[in-house]
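Working through the structure, step by step
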Amino acid sequence: MSTFSKAITLILLTLFLSACNKGKKIPTLNFPSTDLSTENMIPKPLEAIATNEGFSLDQYTAISVSEKSDDLLDLIWFLSEKIKAKTNLDIVLADSETPQKGTVIYIEKTDALKQKGAEAYLLSITRDSLILSSSQASGIFRGMQTIRQIIPDNSNDTITTYKTWPIPTGEINDKPQFEYRGSMLDVARHFFSVEDVKKYIDLLAYYKYNILHLHLSDDQGWRIEIKSWPLLTKIGGSTEVGGEQGGFYTQEEYIDLVNYAARRHIMIVPEIDMPGHTNAASVSYPILNGNGIPPKLYEGTEVGKSTLDTRKDEVYTFIDDVVREISAITPGPYFHIGGDESHVTKKEDYIYFVERVQEIVRKHGKRMIGWDEIATANIDSNSISQFWASKENAHLAIEKNMKIILSPAKKAYLDMKYDTESKYGLSWSGYIPVDTAYIWTPEAYEKIPLKNIIGIEAPLWSETISNMDELEYLAFPRAIGYAELGWSIKENRNWEDYKKRLANQAPFLKRMKVKYYPSSLVKWNE
Ligand code: TNX
């Protein structure tokens, strides 16, 4: 923020405070010196400067906004709700009519920030005020997660007759390193309910993720209503791995998820995996099938046996309808076409298919993402390749000037077991203990130039997990580390320091009833 706009903010705030403080003012408290820069924030912010005093969050704290627009009012409603959940305090909206006795949280939209970008924010904390500034709602939302994280878990009951949650003073200037910070949930191998997905979104939001990729179709299940092809969910949605009943989202439920995520500044990326991984579609409409074997419902876990018939026009009519219907209810710019492990599709057919599907995705106004194999086709630089296994494919994508999402299975797969003892998970790409998940450098992975990297994503495949407890066991704590790899710069990441901050996530995870895997590498603060 420039000195000028800082001065303006201060003047406005002083005027506001004095207008508010006609009632008797609560004296500012003297807290034992605490250090903002060593707080348990994950991801680690770009810059945190401590001034070693304390801002008192207590029953006298009020919240105020620079403009009473719908987005800001919704944001402060969100923050107040979270403060209430953590401290049981009711933070009221201050206005100059109501005498304000205590400290103030001030939320402000401004373009005058040191860090640029929609998600950049500044948090400026003194003894009397906590000011959160950003040019956009998304930056304010990210900054609010920081506020949530620096509110102490327990109140200080010794200084005053009322409870106070002292927040260390200082300044945080923050912004993400990568614009794409995602996790993927495979709702196809096992279906997860709208409520389950919402809980996962809440957890991702707290760690500043901005993408949730939903793997909506696979051999074992089709999970989203397509009105023009109703049997997809009626037949294809009826099964899942292991013989349990499947499930699917109606379009209305999907829209509910999109909106729920959007309020948390998370974008949904829908994936329809093709031309392989399509058994559920082919059982529903056998005309789509291209592997020559009459399709049957499938509840196993082997991959690579199905394919669409890439040389039939009806197949592209089908894809056009699917992409059209899903795109119409997906506000984000991306559509993921899968494209992985099409082992029974001939190479030339695969290439022909990906190129035709790219046109369809473009026609419906979306930008195509696909697993790394798509770079073997002749596609354009606007499409994005998601690196999961093949270095060669990653380099084909680089030659085509494409952006790459990093999801290397050896490092970033949430469905890999932690070690030989793990109750759930697979191990085909190795074990991924909590330190291995964190200690790697996306900025320099497999010689992929930094300029090609749009971000990182941690996929959670669900062959071995079928409920929330099992999901949480694999995702947490590793998903917390990937949040930091996506947001924080290399110079700010350090395993020893991270490990301590991670240990202190235990109270939050407990409050959220998350059954995380209590890795013995971390001394959990339980
Ligand atoms: C590979 S990663 C797959 C998935 C499996 C996963 C299990 C990728 C693009 N394909 O179909 O679920 O391994 O780890």
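Since the model is a prediction, treat every value here as computed from it, not as a measurement. (Residues numbered from 1 in each chain as written. Predicted model: local features only at pLDDT ≥ 70, side-chain atom pairs only at ≥ 80, totals over all residues. Heavy atoms only, no water.)

1. A closer look at the overall build of the protein chain
How we decide: Only runs of H or I of at least four residues qualify as helices and only runs of E of at least two qualify as strands under DSSP, and these elements are numbered from the N terminus. Note on method: radius of gyration uses C-alpha positions; expected globular size equals 2.2 Å times residues raised to 0.38. The rule is simple: take the accessible area with a 1.4 Å probe, protein chains only, and divide by the maximum for that residue type; under 20% is buried, over 50% is exposed, in between is partly exposed. The contact criterion used throughout is that any non-hydrogen atoms of two residues lie within 4.5 Å. Here the accessible surface of atoms and residues is derived via Shrake-Rupley with a 1.4 Å probe, and residues count as covered only by protein chains that are part of the display. For this count, His and the chain ends are skipped, Lys and Arg are scored as positive, and Asp and Glu as negative. Charge positions are represented by NZ for Lys, CZ for Arg, CG for Asp and CD for Glu.
If you tally the helices and strands in the protein chain, you get 16 helices and 17 strands. Expected size for 526 residues packed as a compact globule is a radius of gyration near 24 Å; at 25 Å, the protein chain falls within 12% of this value. Along the first, second and third principal axes, the C-alpha atoms of the protein chain reach 80 × 45 × 45 Å. By residue count, 59% of the 526 residues in the protein chain fall in the buried class. Considering only contacts in the protein chain between residues 6 or more positions apart, those separated by 24 or more positions represent 74%. As displayed, the protein chain offers around 20,500 Å² of accessible surface, 53% of which is attributable to carbon and sulfur atoms. Here the protein chain contributes 60 positively and 71 negatively charged side chains, and the mean placements of these two sets differ by 4 Å.

2. Overview of the pattern of salt bridges
As a reminder, the rule being used: The salt bridge definition used is simple: a Lys or Arg side-chain nitrogen within 4 Å of an Asp or Glu carboxyl oxygen.
Across all of its chains, the model carries 31 salt bridges by this definition. Glu 472 serves as the salt-bridge partner of Lys 199, at 2.8 Å between the closest nitrogen and oxygen. Taken as a pair, Lys 199 in helix H4 (residues 194-206) and Glu 472 in helix H13 (residues 468-475) lie far apart in primary sequence, 273 residues in all. With relative accessibility at 1%, the residue Glu 472 sits in the buried group. Counted as one network, the salt bridges with shared partners bring together Lys 44, Glu 484, Asp 497 and Arg 501.

3. Brief notes about the pairing of strand S13 (residues 334-338)
The condition is simple: Should DSSP find at least two bridges between two strands, the strands are regarded as paired. For the handedness criterion, the strands are oriented away from the viewer, and a crossover whose path from the first strand over the helix to the second runs clockwise is classed as right-handed.
Among the five residues of S13, five are classified as buried, and the element is accordingly described as predominantly covered. Every second residue of S13 is oriented toward a common face, with Tyr 334, His 336 and Gly 338 on one face and Phe 335 and Ile 337 on the other, all of them buried. Bridge count between strand S12 (residues 267-274) and S13: two bridges; the pairing is parallel. Bridging across to S13, Glu 271 finds its partner in His 336. Judged from the three bridges that link them, S13 and strand S14 (residues 367-371) form a sheet pairing that is parallel. Its bridge partner lying in S14, His 336 is registered against Ile 369. Chirality of the crossover, the property in question, places the unit of S13, helix H9 (residues 347-363) and S14 among those that are right-handed.

4. Notes on the domain arrangement of the protein chain
Here is the rule: Where a domain begins and ends is set by an automatic assignment or by a domain database. Note on definitions: buried area is the accessible-area loss of two parts on being combined, 1.4 Å probe, summed for both.
Along its sequence, the protein chain is carved into domain 1 (3-174) and domain 2 (180-511). Distance between the C-alpha centres of domain 1 and domain 2: 37 Å. In this complex, domain 1 contributes 27 residues to the contact, which on the side of domain 2 involves 27 residues. Of all residues in domain 1, Ile 42, Pro 43 and Lys 44 give up the largest surface area on contact with domain 2, accounting jointly for 29% of the area buried on that side. Along the contact surface separating domain 1 from domain 2 lie four salt bridges.

5. A word on the site of the ligand
Applied cut-off: Proximity criterion: a residue is near a molecule or strand once any of its heavy atoms comes within 4 Å of it. Within 3.5 Å is the distance limit for a polar contact, defined as a pair of N or O atoms, with the added protein rule that one can donate a hydrogen and the other accept it, and that residues adjacent in sequence qualify only through two side-chain atoms. Gly counts as polar in this scheme, as do all residues outside two lists: the nonpolar Ala, Val, Leu, Ile, Met, Phe, Trp, Tyr, Cys and Pro, and the charged Asp, Glu, Lys and Arg.
The immediate surroundings of the ligand are formed by 13 residues, with Arg 189, Tyr 413, Asp 415, Trp 428 and Glu 463 found nearest. Contacts to the ligand include Asp 340, whose side-chain N or O atom sits 2.9 Å from a nitrogen atom. Considering the ligand on its own, with 360 Å² of exposed area, one finds that the protein chains cover 97% of that surface. Residue composition of the shell around the ligand, grouped by class: seven nonpolar, one polar and five charged.

6. A look at unusual backbone geometry
In this chain, Ile 42 is followed by Pro 43 through a cis amide linkage whose omega measures -5°. Relative to the assigned elements, Pro 43 resides in the loop between helix H1 (3-20) and strand S1 (47-58). With an omega of 0°, the peptide bond between Met 274 and Pro 275 qualifies as cis. The backbone of Asn 88 sits at a positive phi, close to 70°, despite the residue not being glycine. Relative to the assigned elements, Asn 88 resides in the loop between helix H2 (70-87) and strand S3 (92-93). Positive phi is not limited to glycine here, since Asn 401 has a value of about 65°. Relative to the assigned elements, Asn 401 resides in the loop between helix H10 (391-399) and strand S16 (403-406). What makes Asn 401 exposed here is its relative accessible area of 52%.

7. A short note on the packing of H4 against H13
The axes of two packed helices give the description: the angle between them and the distance between them. Basically, it comes down to this: Note on definitions: angles span 0 to 180 degrees between N-to-C directions of axes, and those axes are lines fitted to C-alpha atoms, for helices only across the stretch in contact. Roughly parallel means an angle under 35 degrees; roughly antiparallel means over 145; roughly perpendicular covers 65 to 115; every other angle is labelled oblique. Crossing chirality is assigned from the near helix's rotation relative to the far helix, an anticlockwise turn below a right angle marking it left-handed and a clockwise turn marking it right-handed.
Two numbers describe how H4 lies on H13: the axes approach to 11 Å, and their chain directions differ by 25°. It follows that H4 is roughly parallel to H13 by the angle criterion. You can see that H4 and H13 cross each other, and the crossing is right-handed. Of H13, the residues touching H4 (which contributes Asp 196, Lys 199 and Tyr 200) are Met 468, Leu 471, Glu 472 and Ala 475. For the contact of H4 with H13, the residue count by class is four nonpolar, no polar and three charged.

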